[in-house]
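Below, each chain spelled out in residue letters.
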Amino acid sequence: MISSRLPTHAGTLLWLVVFGYLAFVAWELDRGYRSAARGAAPLYTDYTSLYAASMLLRTEPAENLYYARRMYQANVASAYAVYGNTINEAQARQAGFAPWMYPPTFILFAMPLAWLPYLPSFIAWILATAVPYLAAMRAIIPRRSSAAAFGLAAPPAFFNLAYGQTGFLSGGLIGLGLARLQARPLAAGFWIGLASVKPHLGILIPIALAAGGHWRAFAGAALTVVALIAVSIAVLGVDPWYGFIGTTLFHIDGFDAGAYTWNSMTSILSAAHLAGIPIERAWTLQFTAAAFAALCVGVVWATGRRRPETLGLQSAILCLATPLAIPMVYLYDLVIVVPAAAWIWMDMQQRGARAYEIAALVLSFAGLLTSFLIAARLSIQIGPALVAALLAIALRRFIHALRTPLATATSSA
């Protein structure tokens, strides 16, 4: 009998972890308000910039999001929206500058955020973006309580909660699309197409869908992307697209200029740079990893055409190869890894697994929670190594699945 139920003690532990995450975020927010009230440095998160963008859109054209000066001024204005008149100008300016790197299609998602006061908006954003994420987890792990506990206790979920970022949205949409690929391919393409608001996270998806022969989903995703672009132009005009395209090279140059926070970036490029490798050689390693990831996904999905029962593992491999392929991936972006871990877990339930395999999965997955601290204190970014370890587990199980029919594996487990 195959069961998706987590052991009682494991489920209880996961929910305690979730409550711990929520308590920590609440404590940090409270500490930020108390610090601001006594004149110390307030707490600003990535959501402050999202809220700033929404505030700017209420009075200015959307293309102004791509002007550095206007985004800086919007961030300062958002600081007063967060803390009111309890802060002075110097404290407000500590909100700093965060460039708007999203395509205009994402602006459609950000526009309503400033309709609410800051804290209710922050909570509403987390809850709204958690809907596709939890739906994806529910589609992979049939039992609702187990799916929610698994998804919310995952280390990347903590970073997404703490930063107020987009990981639930992007990872959830991609996971939901891949989970619906067999049953409802056009709907799967729709969800995957919506995830194009974070386009770099979908860089390997066309390779997977084409190699796997999932042409209806491919068409659904393509049509959704085109529709999103058309809606963004109808609502915002074409100028934001000129701004987005025009600033792309500026953002890429930011790597060489040291403009990004390397400690919380979990790419091959970041790990190599923190290890002291010159940036030119670090780029070579990143491009090599991207080529390997693309080849790996293409081969796995092409091979999996004849074995549709391995689609979960194929999807896990795609989700794990993605953060190894792209140079800019942060801790909160690793939410895309959570559905992959769930697919691996479900495969272990179906085909059986040895104790060391389960231990490797748990330790590699849980270790992501420590990657930021290790990077900050030791300048060693272990995130890519942990993701690579999970990828190795998924690849091993995929190869084993090709050699072992599911019925045989289940009966012998």
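This write-up is about the structure you can find in this document. Here, residues in each chain are numbered from 1, in the same order as that chain's written sequence. Only residues with pLDDT of at least 70 are given local features in this predicted model, and only at 80 or more are side-chain atom pairs given and counted; all residues enter the totals for whole chains, interfaces and linings. Excluded from the side-chain calculation are hydrogens and water; included are all heavy atoms of the structure.

Considerations on the overall build of the protein chain
When helices and strands are tallied, the protein chain shows 21 helices and 0 strands. Values of the radius of gyration come from C-alpha atoms, whereas the globule rule sets the reference at 2.2 Å times the count of residues to the power 0.38. For 413 residues, the compact-globule estimate of 2.2 N^0.38 gives 22 Å, and the protein chain sits close to it at 21 Å. Seen through its C-alpha atoms, the protein chain measures out along the principal axes to roughly 70 × 45 × 45 Å. By sequence separation, contacts in the protein chain at least 24 residues apart represent 75% of the contacts at least 6 residues apart. Only the protein chains shown count as covering a residue, and every accessible area follows the Shrake-Rupley method with a 1.4 Å probe. Carbon together with sulfur atoms contributes 67% to the accessible area of the protein chain, which is approximately 18,100 Å² in total. Counted as positive: Lys and Arg. Counted as negative: Asp and Glu. His and the chain ends are not counted at all. A single reference atom marks each charge: NZ on Lys, CZ on Arg, CG on Asp, CD on Glu. Averaging the locations of the 25 positively and 14 negatively charged side chains of the protein chain gives two centres separated by 14 Å. Secondary structure elements are defined from DSSP: runs of H or I of at least 4 residues count as helices, runs of E of at least 2 residues count as strands, and each element is numbered from the N terminus. Residue contacts follow a heavy-atom distance rule, with two residues in contact if any of their heavy atoms lie within 4.5 Å.

Things to note about helix 18 (residues 355–366)
Expected span of a helix: the number of residues minus one, times 1.5 Å. Here helix 18 is 12 residues long and its end C-alpha atoms lie 16 Å apart, about the 16 Å a rise of 1.5 Å per residue gives. For helix 18, every residue scored as buried is listed here: Glu357, Leu361, Ser364 and Phe365. Angular distribution of buried residues about the axis of helix 18 spans 95°; they occupy a single face of the element. Opposite the packed face of helix 18, turned more than 90 degrees from it, sit the exposed residues Ala355, Tyr356 and Leu363. Here the buried face of helix 18 lies against helix 7 (144–153), helix 8 (155–163), helix 17 (337–351) and helix 20 (383–403). Classification of residues uses two cut-offs on accessible area relative to the type maximum, computed with a 1.4 Å probe and protein chains only: under 20% is buried, over 50% is exposed, and between them is partly exposed. Our arc is simply the arc of the directions from the helix axis toward the C-beta atoms.

Things to note about a nonpolar patch on the surface
Every patch collects residues that have over 30% relative accessible area and no salt bridge, joining them within 9 Å if they carry like charges and within 5 Å if they are nonpolar side chains (Val, Leu, Ile, Met, Phe, Trp, Tyr). Each reported salt bridge corresponds to a side-chain nitrogen of Lys or Arg within 4 Å of a carboxyl oxygen of Asp or Glu. Residues Leu13, Leu16, Phe19 and Leu22 make up a contiguous nonpolar surface patch of roughly 420 Å² in combined accessible area. By relative accessible area, Leu22 is classed as partly exposed at 42%.

Some points on the packing of aromatic side chains
Any two rings among Phe, Tyr and Trp, with Trp reduced to its six-membered ring, count as a pair given centres within 6.5 Å; such a pair is stacked if its planes are under 30 degrees apart, edge-to-face if over 60, and tilted if neither. Counted according to the given criterion, the structure contains 29 aromatic pairs. Joined through ring pairs, the aromatic side chains of Tyr47, Tyr51, Trp100, Tyr102, Phe106, Phe109, Tyr118, Phe122 and Trp125 make up one cluster.

What is shown is where atoms sit, not what they do.
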